[in-house]
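Each chain is listed here by its residues.
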Amino acid sequence: MPDNTELVIVSDDRNREEIRFGLTAGGGQLEVCAGGVCGEGAAVAFGNVPVGDEGRETIEIKNTGNGELDLRSLRLESASAEFCIPEATELPEGVANCTQIPQCLVLRPGESITVNVVYTPDGGGEDDGKLVIVSGDVASGNVEVPIGGTGAGPAVCPCGVDTMGNCNPASV
(Lines give C-alpha, C1' and ligand atoms only; values in the text may rest on other atoms or scores of the structure.)
Protein backbone atom coordinates (compact mmCIF):
# COMPACT_ATOMS: atom_id res chain seq x y z
CA MET A 1 0.00 0.00 0.00
CA PRO A 2 1.45 3.38 -0.95
CA ASP A 3 2.33 5.99 1.64
CA ASN A 4 0.30 9.17 1.22
CA THR A 5 1.30 12.56 2.57
CA GLU A 6 0.77 16.18 1.76
CA LEU A 7 3.21 18.96 0.92
CA VAL A 8 2.02 22.35 2.18
CA ILE A 9 3.64 25.55 0.93
CA VAL A 10 2.85 28.62 2.99
CA SER A 11 3.17 31.96 1.22
CA ASP A 12 2.73 35.63 2.04
CA ASP A 13 0.23 36.00 -0.82
CA ARG A 14 -3.06 37.13 0.80
CA ASN A 15 -5.09 35.59 -2.02
CA ARG A 16 -3.45 32.22 -1.59
CA GLU A 17 -1.82 31.77 1.78
CA GLU A 18 -1.07 28.11 1.27
CA ILE A 19 -0.85 25.60 -1.52
CA ARG A 20 -1.35 21.88 -0.87
CA PHE A 21 -0.01 19.02 -2.98
CA GLY A 22 -0.88 15.38 -2.40
CA LEU A 23 2.16 13.11 -2.57
CA THR A 24 2.22 9.35 -2.92
CA ALA A 25 5.31 7.24 -2.41
CA GLY A 26 5.65 3.56 -3.05
CA GLY A 27 2.89 1.49 -4.48
CA GLY A 28 5.19 -0.55 -6.70
CA GLN A 29 5.04 -4.27 -6.08
CA LEU A 30 7.77 -6.66 -7.24
CA GLU A 31 6.99 -10.02 -8.81
CA VAL A 32 9.74 -12.25 -10.18
CA CYS A 33 9.14 -15.17 -12.57
CA ALA A 34 11.69 -17.77 -13.64
CA GLY A 35 11.60 -21.43 -14.58
CA GLY A 36 7.80 -21.35 -14.97
CA VAL A 37 7.31 -20.16 -11.36
CA CYS A 38 6.35 -16.68 -10.18
CA GLY A 39 7.15 -15.52 -6.66
CA GLU A 40 8.74 -17.78 -4.08
CA GLY A 41 10.44 -20.74 -5.76
CA ALA A 42 11.38 -18.86 -8.94
CA ALA A 43 14.78 -20.18 -10.04
CA VAL A 44 16.92 -20.68 -13.13
CA ALA A 45 18.01 -24.29 -13.64
CA PHE A 46 20.07 -24.93 -16.76
CA GLY A 47 20.60 -28.63 -16.11
CA ASN A 48 23.44 -30.18 -18.11
CA VAL A 49 25.06 -27.91 -20.69
CA PRO A 50 27.91 -29.35 -22.77
CA VAL A 51 31.27 -27.69 -22.11
CA GLY A 52 31.78 -24.92 -24.67
CA ASP A 53 28.07 -24.66 -25.49
CA GLU A 54 25.74 -21.95 -24.24
CA GLY A 55 22.53 -22.24 -22.25
CA ARG A 56 20.03 -19.36 -22.16
CA GLU A 57 17.16 -18.72 -19.75
CA THR A 58 15.20 -15.64 -18.71
CA ILE A 59 13.93 -14.00 -15.55
CA GLU A 60 10.94 -11.66 -15.78
CA ILE A 61 10.70 -8.79 -13.30
CA LYS A 62 7.21 -7.28 -13.07
CA ASN A 63 5.58 -4.37 -11.28
CA THR A 64 2.17 -5.66 -10.18
CA GLY A 65 1.48 -2.66 -7.91
CA ASN A 66 -0.36 0.60 -8.50
CA GLY A 67 2.68 2.92 -8.29
CA GLU A 68 6.16 3.09 -9.77
CA LEU A 69 8.70 0.42 -8.78
CA ASP A 70 12.31 1.50 -8.41
CA LEU A 71 14.79 -1.28 -9.22
CA ARG A 72 17.86 -0.13 -7.33
CA SER A 73 20.19 -2.91 -8.42
CA LEU A 74 20.29 -6.22 -10.27
CA ARG A 75 23.39 -7.92 -8.88
CA LEU A 76 24.82 -11.21 -10.13
CA GLU A 77 26.57 -13.08 -7.32
CA SER A 78 28.57 -16.20 -8.19
CA ALA A 79 31.98 -17.72 -7.64
CA SER A 80 31.73 -18.95 -11.25
CA ALA A 81 32.65 -16.64 -14.11
CA GLU A 82 30.60 -18.87 -16.43
CA PHE A 83 27.32 -16.98 -15.85
CA CYS A 84 26.44 -13.74 -17.61
CA ILE A 85 23.48 -11.43 -17.06
CA PRO A 86 23.86 -8.52 -19.51
CA GLU A 87 21.09 -6.51 -17.82
CA ALA A 88 22.76 -6.74 -14.37
CA THR A 89 23.92 -3.51 -12.79
CA GLU A 90 26.72 -5.38 -11.00
CA LEU A 91 28.77 -8.40 -12.12
CA PRO A 92 31.29 -10.36 -10.04
CA GLU A 93 35.01 -10.03 -10.73
CA GLY A 94 36.31 -12.34 -13.41
CA VAL A 95 33.19 -12.35 -15.60
CA ALA A 96 34.47 -11.79 -19.13
CA ASN A 97 32.63 -11.59 -22.44
CA CYS A 98 29.51 -10.22 -20.77
CA THR A 99 28.65 -6.86 -22.25
CA GLN A 100 26.28 -5.05 -19.94
CA ILE A 101 23.11 -3.56 -21.43
CA PRO A 102 21.77 -0.50 -19.56
CA GLN A 103 18.14 -0.82 -18.48
CA CYS A 104 15.44 1.58 -17.35
CA LEU A 105 15.27 0.77 -13.67
CA VAL A 106 11.87 2.31 -12.93
CA LEU A 107 8.85 0.21 -13.85
CA ARG A 108 5.41 1.78 -14.13
CA PRO A 109 2.39 -0.24 -12.98
CA GLY A 110 2.00 -3.29 -15.22
CA GLU A 111 5.44 -2.95 -16.81
CA SER A 112 8.07 -5.68 -16.81
CA ILE A 113 11.60 -6.30 -18.01
CA THR A 114 13.19 -9.52 -19.16
CA VAL A 115 16.61 -10.36 -17.76
CA ASN A 116 18.68 -12.79 -19.84
CA VAL A 117 20.81 -15.36 -18.05
CA VAL A 118 23.56 -17.04 -20.08
CA TYR A 119 25.57 -20.06 -18.90
CA THR A 120 28.70 -21.03 -20.84
CA PRO A 121 30.55 -23.76 -18.92
CA ASP A 122 34.27 -23.95 -19.62
CA GLY A 123 34.72 -27.14 -17.60
CA GLY A 124 32.75 -30.01 -16.15
CA GLY A 125 30.97 -29.75 -12.81
CA GLU A 126 28.28 -27.81 -11.02
CA ASP A 127 28.10 -24.02 -11.00
CA ASP A 128 25.71 -21.87 -9.02
CA GLY A 129 24.94 -18.28 -8.23
CA LYS A 130 22.04 -15.92 -7.76
CA LEU A 131 20.54 -12.72 -9.06
CA VAL A 132 19.88 -10.33 -6.16
CA ILE A 133 17.15 -7.80 -6.96
CA VAL A 134 17.07 -4.72 -4.72
CA SER A 135 13.92 -2.66 -5.24
CA GLY A 136 11.78 0.01 -3.64
CA ASP A 137 9.16 -2.61 -2.69
CA VAL A 138 9.50 -2.52 1.08
CA ALA A 139 7.30 -5.60 1.53
CA SER A 140 9.52 -7.78 -0.68
CA GLY A 141 12.93 -6.65 0.52
CA ASN A 142 15.82 -8.06 -1.50
CA VAL A 143 14.69 -10.92 -3.74
CA GLU A 144 17.19 -13.64 -4.59
CA VAL A 145 16.74 -15.85 -7.65
CA PRO A 146 18.96 -18.97 -7.52
CA ILE A 147 20.84 -19.88 -10.70
CA GLY A 148 22.43 -23.28 -11.35
CA GLY A 149 23.87 -25.41 -14.09
CA THR A 150 26.23 -28.28 -14.71
CA GLY A 151 29.01 -28.26 -17.26
CA ALA A 152 28.78 -31.64 -18.98
CA GLY A 153 32.16 -32.82 -20.21
CA PRO A 154 32.93 -35.61 -22.67
CA ALA A 155 32.04 -39.17 -21.70
CA VAL A 156 34.73 -41.08 -19.84
CA CYS A 157 35.40 -44.65 -20.85
CA PRO A 158 35.58 -46.79 -17.67
CA CYS A 159 37.87 -49.24 -19.37
CA GLY A 160 41.21 -49.50 -21.09
CA VAL A 161 41.54 -48.59 -24.74
CA ASP A 162 43.36 -51.04 -26.99
CA THR A 163 45.65 -50.12 -29.89
CA MET A 164 42.65 -50.03 -32.23
CA GLY A 165 40.83 -47.44 -30.07
CA ASN A 166 38.28 -49.92 -28.75
CA CYS A 167 37.11 -49.93 -25.15
CA ASN A 168 38.35 -53.09 -23.45
CA PRO A 169 36.80 -53.62 -19.96
CA ALA A 170 39.21 -56.50 -19.28
CA SER A 171 42.23 -54.14 -19.44
CA VAL A 172 41.14 -51.99 -16.51
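Residues numbered from 1 in each chain as written. Predicted model: local features only at pLDDT ≥ 70, side-chain atom pairs only at ≥ 80, totals over all residues. Heavy atoms only, no water.

Caption draft 1: Local environment of a nonpolar patch on the surface. On the surface, a nonpolar cluster with roughly 250 Å² of combined accessible area is contributed by Leu7, Ile9 and Phe21. Within the element layout of this structure, Leu7 appears in strand S1 (residues 3–10). Using a relative accessible area of 39% as the deciding quantity, one classes Leu7 as partly exposed. (Patch = residues over 30% accessible without salt bridge, like charges linked within 9 Å, V, L, I, M, F, W, Y side chains within 5 Å. Areas by Shrake-Rupley, 256 points an atom, 1.4 Å probe, with all protein chains shown as cover. Salt bridge = Lys/Arg side-chain N within 4 Å of Asp/Glu carboxyl O. Helix = DSSP H or I, 4+ residues; strand = E, 2+ residues; numbered from the N terminus. Buried < 20%, exposed > 50% of the residue type's maximum accessible area, 1.4 Å probe, protein only.)

Caption draft 2: Representation of the packing of aromatic side chains. Applying the stated criterion across every chain yields a total of 3 aromatic pairs. Between the aromatic rings of Phe83 and Tyr119, the centroid separation amounts to 4.9 Å while the plane-to-plane angle is 25°, which identifies the pairing as stacked. In this pair, Phe83 is assigned in strand S8 (residues 83–84) and Tyr119 in strand S10 (residues 112–119), connecting sequence segments 36 residues apart. We classify Phe83 as buried; its relative accessible area is 1%. Cluster of aromatic residues (ring-pair linked, three or more members): Phe46, Phe83 and Tyr119. (Phe/Tyr/Trp six-rings, centres within 6.5 Å; stacked < 30°, edge-to-face > 60°.)

Caption draft 3: The state of the cysteines, seen in detail. Under the counting rule described, the total for this entry stands at 2 disulfides. Here Cys33 pairs with Cys38 through a disulfide, and the sulfurs are 2.0 Å apart. Given an S-S torsion of about 105°, the disulfide between Cys33 and Cys38 has right-handed geometry. On the basis of relative accessibility, which here comes to 10%, the residue Cys33 falls in the buried class. Judged by relative accessible area, which is 43%, Cys38 ranks as partly exposed. A sulfur-sulfur distance of 2.0 Å marks the disulfide that ties Cys84 to Cys98. (Disulfide = S-S within 2.5 Å.)

Caption draft 4: Structural view of unusual backbone geometry. The phi dihedral of Asn97 falls on the positive side, at around 55°, and the residue is not glycine. Mapped onto the elements of the fold, Asn97 is located in the loop between S8 and strand S9 (106–107).

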